[in-house]
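Chain and residue survey
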Amino acid sequence: MKNVVKTDKAPQAIGPYSQAIEVNGLVFTSGVVPLDPATGNVVEGDIKVQATRVFDSMKALLEAAGSGTDEVVKTTVFIKDMNDFAAVNEIYATYFTEAFPARSCVEVARLPKDVLIEMEAIALKK
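I will try to describe carefully the structure that is included in this document. Just so you know, these numbers come straight off a predicted model, no measurement behind them.

1. Notes on helix α2 (residues 85-95)
A87, V88, I91, Y92 and Y95 are the residues of α2 that are buried. Projected onto a plane normal to the axis of α2, the buried residues spread over an arc of 130° and lie on a single side. Turned more than 90 degrees off the buried face of α2, the exposed positions are A86 and T94. Where the residues of α2 are buried, they touch α1 (47-64), β4 (72-79), β5 (102-107) and β6 (117-124).

In structure tokens:
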């Protein structure tokens, strides 16, 4: 049985999808972009500001699902400019520690609302 995960501490879905789904002890998140959960607006700032908002929202979403950043097994990070890779890694390392989840990071031409970063995750439920 699948359970829909929803929290007001992460951006609401901006389309016909769930923030996350929990099934058989696994949590699958949708892509999280740097929207202020209170206003739904894109946070203004550079890649570090936007990455921090994404990771804060992801942490809140995982906690709402009964998981946490320490239970993440795989992430996919989409960035608009691969030149931001080092800055993203710097922020990422403050949210994920040993043993780090598996990860893919790709540069993309465009993201929703023209943000600089989006991330999705797969985690174990605690």
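2. Here's the deal with the sheet that holds strand β3 (residues 26-29)
Reading across the sheet, the six strands line up as β1-β2-β3-β6-β4-β5 and stay open at both edges, with mixed pairing between neighbours. A strand with exactly one partner marks an edge of an open sheet, and here the two such strands are β1 (2-5) and β5. If you compare each strand with its neighbour and ignore which way they point, the axes differ by 15° on average. As judged from the three bridges shared by β3 and β6, these two strands associate in the antiparallel manner. Pairing of F28 across the sheet is with I122, part of β6. Its contacts with the sheet place α1 against β1, β2 (20-23), β3, β4 and β6, and it is angled at close to 25° to β6.

The rules behind the values
- Residues numbered from 1 in each chain as written.
- Predicted model: local features only at pLDDT ≥ 70, side-chain atom pairs only at ≥ 80, totals over all residues.
- Heavy atoms only, no water.
- Buried < 20%, exposed > 50% of the residue type's maximum accessible area, 1.4 Å probe, protein only.
- Helix = DSSP H or I, 4+ residues; strand = E, 2+ residues; numbered from the N terminus.
- Arc of directions from axis to C-beta.
- Contact = heavy atoms within 4.5 Å.
- Pairing = 2+ DSSP bridges.
- Axes fitted to C-alpha atoms, helices over the stretch in contact; angles between N-to-C directions.

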